[in-house]
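Residues per chain, in single letters:
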Amino acid sequence: MRTHQSTITGGDITITEGDGFDSNGSASMTGGTLIIYGPTGNGNGAIDAGSFDVSGGTLLAGESAGMAGAYFLQPELHRRKRERCLRRCDRDH
């Protein structure tokens, strides 16, 4: 059995039609920017992956029609906020 892995490590990617980001398997994102302007067909989704691990970069995806939804992920921003909170909490104790 053949497995597929798509990896985004940097750059700017914009997808404007079709099935959005379709990995035919698993995917990961460690950097860069992925913007998906939602597919409008009922059978298409903004992200079609068995699993999608986003540990860095920025992901913005919207979809309409039969699979309506929206996604915004920016892990680095969340990590910095968590680190600031941890440092602040450590000072308080």
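Anything mentioned here points back to the structure above.
Residues numbered from 1 in each chain as written. Predicted model: local features only at pLDDT ≥ 70, side-chain atom pairs only at ≥ 80, totals over all residues. Heavy atoms only, no water.

## Description of the packing of aromatic side chains
One pass over the structure, following the stated rule, counts 1 aromatic pair. With a centroid separation of 5.3 Å and 20° between ring planes, the pair formed by F21 and F52 is classed as stacked. Of the two residues, F21 is situated in strand β3 (residues 21-22) and F52 in strand β7 (residues 51-54); the sequence distance between them amounts to 31 residues. (Phe/Tyr/Trp six-rings, centres within 6.5 Å; stacked < 30°, edge-to-face > 60°. Helix = DSSP H or I, 4+ residues; strand = E, 2+ residues; numbered from the N terminus.)

## Digging into the side chain of S23
Structurally, S23 can be placed in the loop between β3 and β4 (26-29). You can call S23 buried: its relative accessible area is 5%. Within polar-contact distance, the side chain of S23 engages the backbone oxygen of G25 at 2.6 Å. Sequence-distant contacts of S23, defined by excluding residues within four places in its chain, comprise H4, S6, D48, A49 and G50. (Buried < 20%, exposed > 50% of the residue type's maximum accessible area, 1.4 Å probe, protein only. Polar contact = N/O pair within 3.5 Å; in protein donor to acceptor, adjacent residues only side chain to side chain. Contact = heavy atoms within 4.5 Å.)

## Observations regarding the nonpolar core
Within the largest apolar cluster, 11 residues are counted, these being I8, I15, F21, A27, M29, L34, I36, A46, V54, L59 and A61. Taken together, the elements giving at least two residues each to this core come down to β4, β5 (33-36) and β8 (58-63). The contacts of I36, once residues within four sequence positions are left out, are I15, G20, F21, A46, I47, L59, L60, A61 and G62. (Core = buried A, V, L, I, M, F, W, Y, C linked by side-chain atoms within 4.5 Å.)

## Focus: unusual backbone geometry
Phi is positive for N24, which is not a glycine, with a value near 55°. With respect to the secondary-structure elements, N24 resides in the loop between β3 and β4. Here N24 falls in the exposed class, since its relative accessible area comes to 56%.

## Some points on the environment of L34
With respect to the helices and strands, L34 occurs in strand β5. Along the primary structure L34 and D12 are separated by 22 residues, whereas in three dimensions their C-alpha atoms are 6.2 Å apart. Apart from residues lying up to four places away in sequence, L34 is in contact with I8, I13, I15, F21, M29, F52, T58, L59 and L60.

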